[in-house]
Every structure is written in structure tokens, then in C-alpha cells.
Amino acid sequence: QQQVKQSPQSLIVQKGGISIINCAYENTAFDYFPWYQQFPGKGPALLIAIRPDVSEKKEGRFTISFNKSAKQFSLHIMDSQPGDSATYFCAAALEANDYKLSFGAGTTVTVRA
Amino acid sequence: DVKVTQSSRYLVKRTGEKVFLECVQDMDHENMFWYRQDPGLGLRLIYFSYDVKMKEKGDIPEGYSVSREKKERFSLILESASTNQTSMYLCASLNRADEAFFGQGTRLTVV
């Protein structure tokens, strides 16, 4: 049973548009929520992460929004660029559980020029 | 730069073979992980190690075992490969700031 549910499975956005990926989790004890970016032929790499004591975190064009009461978090990619075309995974973990990551199913983002 | 190196990018093995997937990290990380990646399922944790000779089962350990004899090396073993173990296997190590670094993956095909 997947502990983190991710949607959509794929999305296509025009260059300059906004990409939004949503995730929902079950375990209220999770205290670490990273997003990983994976390009074809590569392993995933950490993009941005948030902890539940803040509702939003921004790094460049990437923003995580976090809603603790709804047990949901999302990734917004502003001004999407063709180089952002990749698969994005949300994940959740528990510091007390050695940060074993539970991943969502992944979202393939295609940015059209 | 942290480096997590997986010994093979592609492997083709026969059903019933014993398969070894090797992973080496160069940053003295204590925690290492093996995940399997399948389309529509994301990454699922197979096994985890938090120290030399220590291991814990993840979510899908059946049909797999692991070995960690040295801190930098974490091996995944398929005792008797089956076709349903055809997948992408990803090794990761974790630094103290909770960032997981992944290798490039081994695409295993069992025929």
C-alpha cells in the first residue's frame, strides 16, 4: 500500500507556464517531505524539501506548498523551461526512522518550447 | 561531489541465477538503501543498512538479501532471479543533513 499518493501521472506544459504536482500522505508522523527530480538515464536527485513547521518553501522557480491539516503537499514549477522536462517524485520520511523515504509514483513533466 | 557508483548499468540474467548488484559510496555515509523503480509504482524500498553488518527489511524484501561488509559498499543479492524481478534498481546513501544521493541505477532484465 502506497503511503504517498502522487498526481498527475504526467503533464505537458508550455514554456513559461506553471507545472503543479500534488501529493497526499497517510502517516501523520512523517516530518520530512522532499521532492526528487530524475532525468532519463540518471538516478533521482534532491530538488527541494520541506518540514511540517512551515507552509511554503521556495528555491528559485521551485516552490513547495504544504498543508498539514489536509496531509497534502505540492510542487509548483514557475516559468517552466524545456530543461525542466523530467520525472518528479514526491516522498515522505520520518527522522526517527532513519529517513527511509516513501515515494510517490512519479510525474513525468514535459515542457514544450 | 558525492558519488554513488553502481557496478553495472545493464544486466541480463537467466531465471534461477544468483545475481549480485554492487554499490559503492565515497562520502563515508552511514545509511545506505536499495530501491527498485517500476513505472507507475515509483521507488520502493527493498533493504536498508545503517551500519556495517546491519540491515533492515524495507517494504518489498522477498526474494532479496543484502550484504554490508564495509561501510562504503552495499550489495543487493537476488538469491534465485525471477522474471518479476526485472526492474531498475537504485542504490542510495544518506548524509547527515538527510539528503539521499542516488546512483545511476542498474537495469536488470531476467529472461
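Each remark here, short or long, concerns the structure printed above.
Residues numbered from 1 in each chain as written. Chains lettered and ligands numbered in written order. Predicted model: local features only at pLDDT ≥ 70, side-chain atom pairs only at ≥ 80, totals over all residues. Heavy atoms only, no water.

Colleague: Can you help me understand the pattern of salt bridges in this one?
Modeller: Two side chains that carry opposite charge are able to pair once their charged atoms sit near each other. All names here are of chain B. A full pass over the atoms with the stated rule returns eight salt bridges over all chains. One salt bridge in this structure joins Asp38 and Arg36, with 2.8 Å as the shortest N-O distance. With relative accessibility at 11%, the residue Asp38 sits in the buried group. Judged by its relative accessible area of 9%, Arg36 falls in the buried class. Ionic contacts of the salt-bridge type, sharing partners, join the residues Arg36, Asp38 and Arg44 into one network. (Salt bridge = Lys/Arg side-chain N within 4 Å of Asp/Glu carboxyl O. Buried < 20%, exposed > 50% of the residue type's maximum accessible area, 1.4 Å probe, protein only.)

Colleague: Mind showing me how you'd approach the packing of aromatic side chains here?
Modeller: For any pair of aromatic rings, the description consists of the separation of the ring centres together with the inter-plane angle of the planes. A complete count under the given rule lists 18 aromatic pairs over all chains for this structure. Relative to Phe73 of chain A, the ring of Tyr25 of chain A lies with its centre 6.2 Å away and its plane at 55°, an arrangement referred to as tilted. Of this pair, Tyr25 of chain A sits in strand β3 (residues 19-25) while Phe73 of chain A sits in strand β8 (residues 72-77), placing them 48 residues apart in sequence. Exposure remark for Tyr25 of chain A: the relative accessible area of 4% places this residue in the buried category. Pairing Tyr35 of chain B with Phe102 of chain B gives two aromatic rings, centres 5.8 Å apart and planes at 45°, and the pair type is tilted. With Tyr35 of chain B in strand β4 (residues 31-38) and Phe102 of chain B in strand β10 (residues 100-102), this residue pair connects regions lying 67 residues apart in the sequence. Phe102 of chain B matches Tyr35 of chain B in its accessibility class, with the two residues each being buried. Each residue in the set Tyr36, Phe89 and Phe103 of chain A together with Phe33, Tyr35, Phe48, Tyr50 and Phe102 of chain B is aromatic and connected to the rest through ring pairs, giving one cluster. (Phe/Tyr/Trp six-rings, centres within 6.5 Å; stacked < 30°, edge-to-face > 60°. Helix = DSSP H or I, 4+ residues; strand = E, 2+ residues; numbered from the N terminus.)

Colleague: Just to check I follow, could you spell out the pairing of strand β7 (residues 62-67) of chain A for this structure?
Modeller: Walk down a regular strand and you will see the side chains alternate between the two sheet faces. Residue and element names in this part refer to chain A. Where strand β6 (residues 56-59) meets β7, four bridges bridge the pair, whose relative direction is antiparallel. Residue pairing for β7: Glu59 is matched across the bridge by Phe62. Taken together, β6 and the strand that follows it, β7, pair antiparallel across an intervening segment of two residues, in which Gly60 is found at a positive phi of about 65°. In terms of strand pairing, β7 meets β8 through six bridges, oriented antiparallel. Its bridge partner being in β8, Thr63 is matched across the sheet by His76. In textbook terms, the turn of a hairpin is the stretch between consecutive antiparallel strands, and for β7 and β8 this stretch comprises four residues, one of which, Lys71, has a positive phi near 55°. (Pairing = 2+ DSSP bridges.)

Colleague: Could you clarify how one ought to interpret the interface of chain B and chain A in this entry?
Modeller: By a frequent convention, interface size equals the accessible area lost on bringing the separate parts together. Counting from both sides, the interface comprises 20 residues of chain B and, opposite them, 18 residues of chain A. Here chain B and chain A share an interface that buries about 1600 Å² over both sides, 52% of which is from carbon and sulfur atoms. At the junction of chain B and chain A, the tally comes to one salt bridge. Here chain B is connected to chain A by five residue pairs in polar contact (both at pLDDT 80 or more). At the level of elements, β4, β5 (42-51), β9 (87-94) and β10 of chain B are the ones that each hand at least two residues to the side of chain B that touches chain A. Per-class residue counts for the side of chain B that touches chain A are ten nonpolar, six polar and four charged. (Contact = heavy atoms within 4.5 Å. Buried area = accessible area lost by both parts, 1.4 Å probe. Polar contact = N/O pair within 3.5 Å; in protein donor to acceptor, adjacent residues only side chain to side chain. Nonpolar A, V, L, I, M, F, W, Y, C, P; charged D, E, K, R; others polar.)

Colleague: Can you walk me through a nonpolar patch on the surface in this structure?
Modeller: Residue and element names in this part refer to chain A. A grouping of Ile18, Ile20 and Met78 is seen on the molecular surface, where their side chains present a nonpolar patch of about 250 Å² in accessible area. Residue position: Met78 is located in the loop between β8 and β9 (86-92). Residue Met78 is classed as partly exposed on the basis of its relative accessible area, which comes to 35%. (Patch = residues over 30% accessible without salt bridge, like charges linked within 9 Å, V, L, I, M, F, W, Y side chains within 5 Å. Areas by Shrake-Rupley, 256 points an atom, 1.4 Å probe, with all protein chains shown as cover.)

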